[in-house]
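Coordinate analysis (summary)
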Amino acid sequence: MKNPTMQELMEYVDGVLEPSRHREIENMIAGSKSLQKEIRMLTAMRAVVNRERIAPPKKFTSEIMNDILPQRQESIWFRLAKNSSNVFAMVVVLTLIVMALVSSSPPSSSTMNQLNTVFNSFSSSFNSTFSQILSLVQEYTRPIDGAMKTILGKMLFIGLFIFSLLVILDELFGKRMMVRK
Amino acid sequence: MKDNTDQDIIRRVLAGEQKAYAELIDRHKEKAMTLAVRMLKNKFDAEEALQDAFIRAFKALPGFEWKSSFSTWFYRIVFNVCSTALSKKGNTSVVSIDEERDEHLSLEIRSTDDEPDVEYEQKEFARIIKNEIEMMEESYSTILTLFFLQEMSYEEIMSVTGLPLGTVKNRLFRARSQLRTAVIRHFSNEKMLESI
């Protein structure tokens, strides 16, 4: 029986040696302290390497799944709703500017009449449902009752109405539009 | 759910339950990450490569032919992605020309009857092994990881890496010899060998 090489000892630990040679080495190990220690070290090495795990970050799986799974496409309604907040803010600011100008130098009656005509024609198209909502709002918001009769009040209300409408439309149709990446 | 095999999960994914792929990711991500880190020697690059590998595997899943296990197939993708990343970085495996030469290391270990501090030495042993693997050349640590951590056979490693059997065996031998040398160098006497 020839002494085992290091390669053979490693293969012995891995259990991939030929059965006859495996038995021979097993007998030699039984009678040799140094071989027993060597086997113990190789086995421990294997256990250490086997145990070690390097974990990826916590969000690793969800990030991959976000890349893989169908994504919600931003519908036209969603984009409008998203952007309408900016538009609404702009309308408010512009209205305030207009109101400031109006209060400092009142416009001619013809300009006011034109504006009133525009808003009247716009509101008349919603008249049947809108007037009821308006009266309710006026009833419960007496402090701003007067404001509702002004251009600012009307514009604010119309802006809110459009914004809400876009959000509802997005809820109804936006989420159904799915597309794969 | 957890008892599902890879095969069950793949079938569910292919049947349209794409969210089930997350289970497959969770099942393999740690071992795959370990392999990627051992190859690329950098956690950030490894994470990026692994994400790429999982996405590639998902896209290629309909073409998976069940000729091998999912893990062998998947680790081949991880290996290829990491190899590409390495070549892009300009890091190519440098293996000494005498790699194929058989080597037989000395088995001499001195004996002593001293009682070692078992817990400390076991931790120290593990630390040395980990450090040595981190410093080890990528071509060796990759084979070592596939063999020990992924518990792959020589044949499976050949399938993943495309290397011939002789090279796989030799790299594995050299990797282990390097670890053994580091351990022996660190512990000038065999006290620790009693405790491991």
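Criteria and thresholds
Residues numbered from 1 in each chain as written. Chains lettered and ligands numbered in written order. Predicted model: local features only at pLDDT ≥ 70, side-chain atom pairs only at ≥ 80, totals over all residues. Helix = DSSP H or I, 4+ residues; strand = E, 2+ residues; numbered from the N terminus. Buried ≥ 20, exposed ≤ 12 C-beta atoms within 10 Å, placed from the backbone. Contact = placed C-beta atoms within 7 Å. Bend = angle between axes of the 7 residues up to and from the residue. Axes fitted to C-alpha atoms, helices over the stretch in contact; angles between N-to-C directions. Left-handed = near helix turned anticlockwise from the far one by under 90°. Nonpolar A, V, L, I, M, F, W, Y, C, P; charged D, E, K, R; others polar. pLDDT = per-residue confidence, 0-100. Core = buried A, V, L, I, M, F, W, Y, C linked by C-beta atoms within 7 Å. Parallel < 35°, antiparallel > 145°, perpendicular 65-115°, else oblique.

1. Remarks on the overall build of chain A
- A tally of regular secondary structure across chain A gives nine helices and two strands.
- What you see in chain A, going N to C, is helices and strands ordered as α-α-α-α-β-α-α-α-α-α-β.
- Counting over 181 residues, chain A shows a buried share of 12%.
- Summarising the internal contacts of chain A: among those between residues at least 6 apart in sequence, 71% fall at separations of at least 24.

2. Things to note about the overall build of chain B
- Looking only at helices and strands, chain B has nine helices and zero strands in total.
- The helix and strand sequence of chain B, counted from the amino end, reads α-α-α-α-α-α-α-α-α.
- Looking at chain B residue by residue over its 196 residues, the buried ones come to 35%.
- Here the contacts in chain B between residues at least 6 apart in sequence split such that 75% fall between residues at least 24 apart.

3. Description of the interface of chain A and chain B
- Across the boundary between the two partners, chain A contributes 30 residues, which contact 41 residues of chain B.
- Contributing elements (two or more residues each) for the side of chain A that touches chain B: α1 (6-14), α3 (33-51) and α4 (60-68) of chain A.
- No other element matches the 12 residues that α3(A) contributes to the side of chain A that touches chain B.

4. Topic: helix α2 (residues 21-40) of chain B
Residues and elements named next belong to chain B.
- At Lys-29, α2 is deflected by roughly 50°, the largest bend along its length.
- Of all 20 residues in α2, 15 are buried; the element is thus mostly enclosed.
- Where α2 ends, the next residue or the one after it, Lys-41, has phi of about 60°, a positive value.

5. Concerning helix α6 (residues 138-149) of chain B
Residue and element names in this part refer to chain B.
- With 11 of 12 residues buried, α6 lies mostly within the body of the structure.
- Turning to α6, its buried residues number three or more, namely Ser-139, Tyr-140, Ser-141, Thr-142, Ile-143, Leu-144, Thr-145, Leu-146, Phe-147, Phe-148 and Leu-149.
- Following α6 by one or two positions, Glu-151 has its phi on the positive side, about 55°.

6. Describing the packing of α4(A) against α2(B)
- Interaxial distance between α4(A) and α2(B) falls to 10 Å at its minimum, and their mutual angle equals 140°. Our pair here, α4(A) against α2(B), has a crossing hand that is right-handed. Residues A:Phe60, A:Thr61, A:Ile64, A:Met65 and A:Ile68 of α4(A) form the contact with α2(B), whose participating residues are B:Tyr21, B:Ala22, B:Ile25, B:Asp26 and B:Lys29.
- Its residues placed into classes, the contact of α4(A) with α2(B) shows seven nonpolar, one polar and two charged.

7. Points about unusual backbone geometry
- Not every positive phi belongs to a glycine, and B:Lys41 is a case in point at roughly 60°.
- By the element assignment, B:Lys41 lies in the loop between α2 and α3 (43-60).

8. With respect to the confidence of the model for chain A
All names here are of chain A.
- Averaged over every residue, the pLDDT of chain A is 75; residues scoring 70 or more account for 61%.
- Averaged over each element, pLDDT in chain A is lowest for strand β2 (residues 178-179) (44) and highest for helix α2 (residues 19-30) (90).
- Considering only residues more than four positions removed or in separate chains, one finds that residues 177-181, a stretch of pLDDT under 50, has 11 contacts.

9. So, the nonpolar core
- Core analysis: the largest hydrophobic core is formed by 56 residues, its most contacted members being B:Ala36, B:Leu50, B:Val78, B:Ile143 and B:Leu144.
- Tallying contributions element by element places α2(B) first for this core, with 10 residues.
- In contact with B:Leu50, not counting residues within four places along its chain, are A:Pro56, B:Ala32, B:Met33, B:Ala36 and B:Val78.

10. Quick look at the environment of B:Glu134
Residue and element names in this part refer to chain B.
- You can see Glu-134 is positioned in helix α5 (residues 118-135).
- Note on Glu-134: 11 C-beta atoms within 10 Å, which makes it exposed.
- Distance from Glu-134 to Val-37, taken between C-alpha atoms, is 8.7 Å for residues 97 residues apart in sequence.

11. Observations concerning the environment of B:Ala22
- Within the fold, B:Ala22 resides in helix α2.
- Under the C-beta neighbour-count criterion, B:Ala22 is labelled partly exposed, with 17 such atoms within 10 Å.
- Placed 13 residues apart in sequence, B:Ala22 and B:Ile9 show a C-alpha to C-alpha distance of 9.4 Å.
- Apart from residues lying up to four places away in sequence, B:Ala22 is in contact with A:Thr61 and A:Met65.

12. Description of the confidence of the model for chain B
All names here are of chain B.
- In the predicted model, chain B carries a mean pLDDT of 80, and the fraction of residues at 70 or more is 79%.
- Confidence, expressed as mean pLDDT per element, reaches its minimum in chain B at helix α9 (residues 191-195) with 53 and its maximum at α3 with 92.
- pLDDT under 50 marks residues 93-115. Its contacts with residues more than four places away, or in other chains, come to 31 contacts.

13. Let's talk about the packing of α1(A) against α3(A)
Residues and elements named next belong to chain A.
- The contact between α1 and α3 brings their axes to 10 Å, and the two run at 60°. Judged by the inter-axis angle, α1 sits oblique to α3. By crossing handedness, the relation of α1 to α3 is classed as right-handed. The residues of α3 that touch α1, namely those facing Leu-9, Met-10 and Val-13, are Glu-38, Ile-39, Leu-42, Thr-43 and Arg-46.
- Per-class residue counts for the contact of α1 with α3 are five nonpolar, one polar and two charged.

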